[in-house]
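# Commentary on secondary and tertiary structure
What follows is the residue order along each chain.
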Amino acid sequence: MKLTIGATPEIVGVQVADRLGQCLEGVKAPLVCPASGTTPAPLYHELVRRHRSGGIDLSTWYFVGLDEWVGLNGSDEGSCRWWLDKDLFLPSGIGQDRICFFDGRASDLAGECAATERFIAGRGGMNVVILGIGTNGHIAMNEPGTDVAARSRVVELHPTTQSVGQKYFTSQTELEKGITLGLGTIREARHIFLLATGEHKASIIQQALEGPVSADVPASLLRDHPGLEVWLDEAAAGRLSRG
Ligand code: PGA
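Per chain, residues are indexed from 1 in the order of the written sequence. At least 70 in pLDDT is required for a residue's local features to be given in this predicted model, at least 80 for side-chain atom pairs to be given and counted, and no such filter applies to totals for whole chains, interfaces and linings, which use all residues. As a convention, hydrogens and water are excluded, and side-chain values are obtained from all of the structure's heavy atoms.

## Focus on the site of the ligand
In plain terms, the rule: Neighbouring residues are identified by heavy atoms, a residue being near a molecule or strand if any of them is within 4 Å of it. Counting of polar contacts relies on pairs of N or O atoms within 3.5 Å, with two restrictions inside protein: one atom must be capable of donating a hydrogen and the other of accepting it, and residues adjacent in sequence are counted only when both atoms are side-chain atoms. Each residue is assigned to one class: nonpolar for Ala, Val, Leu, Ile, Met, Phe, Trp, Tyr, Cys and Pro, charged for Asp, Glu, Lys and Arg, and polar for all the others, Gly among them.
All residues in the neighbourhood of the ligand are listed as Gly37, Thr38, Thr39, Gly132, Ile133, Gly134, His138, Lys167, Tyr168 and Lys201. Contact distances for the ligand include 2.9 Å between an oxygen atom and a backbone N or O atom of threonine 38. Residue histidine 138 places a side-chain N or O atom 2.7 Å away from an oxygen atom belonging to the ligand. Grouping the amino acids of the shell around the ligand by side-chain chemistry returns 2 nonpolar, 6 polar and 2 charged.

Here is the structure:
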């Protein structure tokens, strides 16, 4: 595991953008899985800035969604897809044909999962997965107690996820279930970037990186992945013992 600590969330965004560029250099049509959420937003703003100034060409990339709330899709303000449209896909003009994303409103959610797994396999796997971490240790919507080998599926959401998730919406929203890539799917990616910023993430980051490897803290189940890179700001790194 490689650990990098940047002073601020914005600096972390720049550092991860540099590294992403490095990892994908020379890859013709990379497949990237971007988490939605507060944490990766500075990275996406930096990627859009570089795309617009000609530093990188996002139009050659393919994207697969990490997760979505069941009952919502990109037409719902506050959904995972809505945030990614706003922060990354629309400002960089990514074509719809380059994006595979769970439709949480679909009547056949198992079909959404199968189509997503097929899309990933059809593109030869994911080059990079960009992840945040929940304060309960979840990765995507793989909640505490998750199976390390799980594939894409519908899950019941942990109470913490249901209440913290309200921050993405302007009014109270029912968030009982999610549709998510499984940890088994995520672990097949060549590179896994785990990002965390802010003091409120310091305790769970300490547990994920230095505590027991356990399904109680799903992020800890990534620790043995050879391509894991952890990117923290100083606040999120504040409880690590390694100094
Ligand atoms: P956040 O979400 O980046 O909005 O903190 C992280 C997560 O719940 O995975």
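Still more ground to cover, so stick around.
## Structural notes on the sheet that holds strand S3 (residues 62-64)
Selection rule: Two strands form a pair only when DSSP identifies at least two bridges running between them. For helices the rule is a DSSP run of H or I covering at least 4 residues; for strands it is a run of E covering at least 2, with both sets numbered from the N terminus onward. Two residues qualify as a contact provided that any one of their heavy atoms is within 4.5 Å of a heavy atom in the partner residue. Lines fitted to C-alpha atoms define the axes here, with helix axes fitted over just the stretch in contact, and angles between the N-to-C directions of these axes take values from 0 to 180 degrees.
Judged by pairing direction, the sheet is parallel, and its 7 strands sit side by side in the order S1-S10-S9-S6-S2-S3-S5 without closing on themselves. Strands at the two margins of the open sheet, each flanked by one partner only, are strand S1 (2-6) and strand S5 (99-100). The strands touched by helix H1 (residues 9-24) within the sheet are S1, strand S2 (31-34), strand S6 (128-131), strand S9 (191-196) and strand S10 (228-233), with S10 carrying the most contacts at an inclination of about 160°. Most of the contacts of helix H4 (residues 109-122) go to S3, to which it runs at about 145°, and overall it touches S2, S3 and S5.

## What to know about the packing of helix H2 (residues 41-52) against helix H3 (residues 80-89)
Defined as follows: In this scheme, roughly parallel covers angles under 35 degrees and roughly antiparallel covers those over 145, while 65 to 115 is roughly perpendicular and the rest are oblique.
Axis separation between H2 and H3 bottoms out at 8 Å; the angle between their running directions is 40°. The angle between H2 and H3 places the two elements in the oblique class. For the pair formed by H2 and H3, the contact residues are Ala41, Tyr44, His45, Leu47 and Val48 on the first element and Leu84, Asp87 and Leu88 on the second.

## Re the nonpolar core
What counts, and what does not: To form a nonpolar core, buried Ala, Val, Leu, Ile, Met, Phe, Trp, Tyr and Cys residues must be joined to one another through side-chain atoms within 4.5 Å. Type-normalised accessible area, obtained with a 1.4 Å probe on protein chains alone, sets the label of each residue: buried when under 20%, exposed when over 50%, and partly exposed for intermediate values.
Membership of the largest hydrophobic core comes to 39 residues, with the highest contact counts inside it found for Leu66, Met126, Leu131 and Ile186. Looking at which element gives the most residues to this core, the answer is helix H7 (residues 202-210), with 4 residues. Ignoring any residue separated from it by four or fewer positions in sequence, one finds methionine 126 in contact with Leu31, Cys33, Val64, Ile120, Leu181, Thr185, Ile186, Ala189 and Arg190. Of all hydrophobic cores here, the second largest spans 34 residues; its members include Val16, Leu88, Met141 and Phe193.

## Looking at the pattern of salt bridges
Selection criterion: A pair is scored as a salt bridge if a Lys or Arg side-chain nitrogen falls within 4 Å of a carboxyl oxygen belonging to Asp or Glu.
On inspection of all chains with the given rule, the structure shows 11 salt bridges. For arginine 19, the salt bridge is made with glutamate 229, and the minimal N-O distance between the two is 2.7 Å. Separated by 210 residues along the polypeptide, arginine 19 in helix H1 and glutamate 229 in strand S10 bring together distant segments of the chain. A salt bridge links arginine 187 to aspartate 224, with the shortest nitrogen-to-oxygen separation between them at 2.7 Å. Highlighted residues: arginine 187 in the loop between helix H6 (183-186) and S9 and aspartate 224 in the loop between H7 and S10, separated in sequence by 37 residues. What makes arginine 187 partly exposed here is its relative accessible area of 25%. Taken together, the salt bridges that share partners define one network made up of Asp18, Glu46, Arg49 and Arg50.

## As for the pairing of strand S8 (residues 177-180)
Pairing analysis gives 3 bridges linking strand S4 (residues 67-69) to S8, with the strands arranged antiparallel. Counted as the bridge partner of glutamate 68 is isoleucine 179 from S8. With 4 bridges connecting them, strand S7 (residues 153-156) and S8 associate as antiparallel partners. The residue of S8 that forms the bridge with arginine 153 is threonine 180.

## Considerations on the packing of H1 against H2
For clarity, the cut-off: Handedness of a crossing follows from how the near helix is turned relative to the far one, being left-handed for an anticlockwise turn of less than a right angle and right-handed for a clockwise one.
Contact geometry for H1 and H2: axes closest at 8 Å, N-to-C directions at 55°. For the element pair H1 / H2, the angle class is oblique. In this structure, H1 meets H2 at a crossing whose hand is right-handed. In contact with Pro9, Glu10, Gly13, Val14, Val16, Ala17, Asp18 and Leu20 of H1, H2 contributes Pro42, Leu43, Glu46, Leu47 and Arg50.

## Description of the sheet that holds S8
Taking strand neighbours across the sheet as the criterion, the 3 strands line up as S4-S8-S7 in an open arrangement whose pairing is antiparallel. The sheet is open, and its two borders are formed by S4 and S7, each paired with just one other strand. Each strand of the sheet is rotated relative to its neighbour by a mean of 25°, with strand direction disregarded.

## Concerning the packing of aromatic side chains
The cut-off we apply is this: Pairs were defined over the aromatic rings of Phe, Tyr and Trp, the Trp ring being its six-membered one, requiring ring centres within 6.5 Å. Orientation was assigned from the angle between planes: stacked under 30 degrees, edge-to-face over 60, tilted for the rest.
Under the definition given, this model contains 6 aromatic pairs. With a centroid separation of 6.4 Å and 45° between ring planes, the pair formed by tryptophan 69 and tyrosine 168 is classed as tilted. With tryptophan 69 in strand S4 and tyrosine 168 in the loop between helix H5 (159-164) and S8, this pair connects stretches of sequence that are 99 residues apart. On the accessibility criterion, tryptophan 69 (4% relative accessible area) is buried. When the ring of phenylalanine 193 is compared with that of tryptophan 231, the centres are 6.1 Å apart and the planes differ by 65°; the resulting orientation is edge-to-face.

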